[in-house]
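Here are the chains, one letter per residue:
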Amino acid sequence: MFRLSREVRFAIDPLSDDQLVSAPDGNGFAGIPPVRSLASRFFALTVTLLGDLDPRSSYLRNIKEIDDAVRTLGIPLLARRLRDGDHRAGFDVMLDLHRALRDAWPGATLASLKLDLSPFTSIAVHSHEVPMLRLS
């Protein structure tokens, strides 16, 4: 059994419906979608998967598959919650993110998700502890 963790950085502008998930621009190291205004909120979502290595590639998963699932399933969900004015979105949305992403990578098991709200604050959900959340 192997473990793979991938951090996906992104910004969400709660004032905009356009979250640019399919056609990235700007500096990918700083996050996609990028920070576009002072209203944008920057996040980092760490996805941890468990599973066996693919015998052909010797990889658990291609990290681009993780990025794609987070950008197509996770970011729009979080953006909707923030845009709807749900100020408690960080707590409840973690369970929604877990539900949306848990089957996104066939052959691998979603072990945990950790959403960094700032350099000092994060919310995590571990699959074996659902519905408990960890606030750090």
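A brief structural summary. (Residues numbered from 1 in each chain as written. Predicted model: local features only at pLDDT ≥ 70, side-chain atom pairs only at ≥ 80, totals over all residues. Heavy atoms only, no water.)

What follows covers the overall build of the protein chain. Regarding its fold elements, the protein chain presents 2 helices and 5 strands. Starting at the N terminus and ending at the C terminus, the protein chain contains elements arranged as β-β-α-α-β-β-β. When each of the 136 residues of the protein chain is scored for burial, the buried share is 41%. Of the contacts formed within the protein chain by residues at least 6 apart in sequence, a portion of 62% connects residues at least 24 apart. (Helix = DSSP H or I, 4+ residues; strand = E, 2+ residues; numbered from the N terminus. Buried < 20%, exposed > 50% of the residue type's maximum accessible area, 1.4 Å probe, protein only. Contact = heavy atoms within 4.5 Å.)

Here helix 1 (residues 63-83) contains 21 residues, and its C-alpha end-to-end distance of 28 Å stays within 8% of the 30 Å for a straight helix at 1.5 Å per residue. Along its length, helix 1 shows its largest kink, about 35 degrees, at Arg-71. Burial in helix 1 covers these residues: Ile-66, Asp-67, Ala-69, Val-70, Arg-71, Gly-74, Ile-75, Leu-77, Leu-78, Ala-79, Arg-81 and Leu-82. One side-chain oxygen at the N-terminal end of helix 1 lies 2.9 Å from the backbone nitrogen of Lys-64; it belongs to Asn-62. (Expected span 1.5 Å × (residues − 1). Bend = angle between axes of the 7 residues up to and from the residue. Polar contact = N/O pair within 3.5 Å; in protein donor to acceptor, adjacent residues only side chain to side chain.)

Tracing the backbone shows Gly-51 in strand 2 (residues 41-51). According to the relative accessible area criterion, Gly-51 is buried, its value standing at 6%. The spatial distance from the C-alpha of Gly-51 to the C-alpha of Phe-2 is 5.4 Å, given a sequence separation of 49 residues.

What follows deals with the sheet that holds strand 2. Spatially, 1-2-3-4-5 is the arrangement adopted by the 5 strands of the open sheet, whose pairing is antiparallel. Of all strands in the sheet, those bounded by a partner on one side alone are strand 1 (2-12) and strand 5 (134-135). Most of the contacts of helix 1 go to strand 1, to which it runs at about 45 degrees, and overall it touches strand 1, strand 2 and strand 3 (108-116). (Pairing = 2+ DSSP bridges. Axes fitted to C-alpha atoms, helices over the stretch in contact; angles between N-to-C directions.)

Across soluble globular proteins, nonpolar side chains have a tendency to be buried as a group. Counting residues in each nonpolar core, the largest one holds 29 residues, and the members touching the most others are Phe-10, Val-47, Trp-105 and Leu-113. Listing elements by their share of this core, those giving two or more residues are strand 1, strand 2, helix 1, helix 2 (89-101), strand 3 and strand 4 (122-126). Sort the elements by how many residues they give to this core and helix 1 lands first, with 8 residues. With near-sequence residues (within four places) excluded, Val-47 lies in contact with Leu-4, Ser-5, Arg-6, Ile-66, Val-70, Trp-105, Leu-110, Ser-112 and Leu-113. (Core = buried A, V, L, I, M, F, W, Y, C linked by side-chain atoms within 4.5 Å.)

Next up on the list: the side chain of Asp-67. Position of Asp-67 among the secondary structure elements: in helix 1. Judged by its relative accessible area of 9%, Asp-67 is buried. For Asp-67, the residues in contact, after removing those within four places along its chain, are Arg-6 and Val-8.

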